[in-house]
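# Analysis of the macromolecular model
As a plain string of letters, each chain reads:
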Amino acid sequence: MPVYALGASVPDIAPSAFVHPEATVIGNVTIGEESTIWPQAVLRGDYGKIVVGARTSIQDGAVIHCTAELDAFIGDDCVVGHLAHLECCVIEDGSLVGTGSVVLHRARVRSGALVGAAALVRTDVAARTVVVGNPLRVIREVRDDELLSNWEDQR
């Protein structure tokens, strides 16, 4: 698997995590227990730090990056969809970032929120809300049956 040190920064990957051989993990990156990093995902901690919590799925083609000023944090029990791009942001526990979405600098997706496919997030997303589009808009609250904690078989 392409896991690369960058200077003194070496990825820290939990023993129970799965990193696909075609994913790329570089530099100051921490991946928590039972998390999964799928093909063509890129986690590049070249200037700042990237932290992926426990039981989180970073799906195919997702890109996670940070800067010297701003780190990237993805909590426990999250799903980052195919081809999503997360840049210097915070994704709190139990959140989903949909396929092809972009979450930019200083944005925060609060616990249990669902970001719809192809959304552009440049601000905070309230806990347990569903947001879609560009410009971003709230469409409703997250139902109990939609919480990622109820989706264990899909991670």
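Please read all numbers here as calculations on a predicted model, not as lab measurements.

### A closer look at unusual backbone geometry
For the peptide bond that leads from asparagine 134 to proline 135, omega is 15°, which places it in the cis range. Phi is positive for arginine 55, close to 55°, though the residue is something other than glycine.

### Observations concerning the sheet that holds strand S7 (residues 57-58)
Sheet architecture is open: eight strands sit in the order S3-S5-S7-S10-S13-S16-S19-S20, paired in mixed fashion. Edge strands, defined here as strands with exactly one partner in the open sheet, are strand S3 (18-19) and strand S20 (137-141).

### Regarding the pairing of strand S6 (residues 42-52)
Pairing between strand S4 (residues 24-31) and S6: seven bridges, direction parallel. In the sheet register, isoleucine 26 faces S6, and the bridge partner there is arginine 44. Both S6 and strand S8 (residues 63-65) contribute to a ladder of three bridges, which runs parallel. Residue pairing for S8: arginine 44 is matched across the bridge by histidine 65. In the sheet, S6 pairs with strand S9 (residues 72-74) via three bridges, with the strands oriented parallel. Within S9, the position partnered with valine 51 by the bridge is phenylalanine 73.

### Things to note about the pattern of salt bridges
Pairing between side chains of opposite charge can happen when their charged atoms approach one another. Throughout the structure, instances matching the rule amount to nine salt bridges. The partner of arginine 108 in a salt bridge is glutamate 92, with the nearest N and O atoms 3.0 Å apart. Pair noted here: arginine 108 is in strand S15 (residues 108-109) and glutamate 92 is in the loop between strand S12 (90-91) and strand S13 (96-97), with a separation of 16 residues, a long-range link. On the basis of relative accessible area, arginine 108 is assigned to the partly exposed category, the value being 28%.

### Some remarks on the environment of glycine 112
Of note, glycine 112 is situated in the loop between S15 and strand S16 (114-115). The class for glycine 112 is buried, based on a relative accessible area of 7%. Separated by 65 residues in the primary sequence, glycine 112 and tyrosine 47 have C-alpha atoms spaced 29 Å apart. Residue contacts for glycine 112: discarding those within four places in its chain leaves Asp93, Gly94, Ser95, Arg128, Val142 and Leu147.

Parameters at a glance
Residues numbered from 1 in each chain as written. Predicted model: local features only at pLDDT ≥ 70, side-chain atom pairs only at ≥ 80, totals over all residues. Heavy atoms only, no water. Pairing = 2+ DSSP bridges. Helix = DSSP H or I, 4+ residues; strand = E, 2+ residues; numbered from the N terminus. Salt bridge = Lys/Arg side-chain N within 4 Å of Asp/Glu carboxyl O. Buried < 20%, exposed > 50% of the residue type's maximum accessible area, 1.4 Å probe, protein only. Contact = heavy atoms within 4.5 Å.

By themselves these figures say nothing about function.
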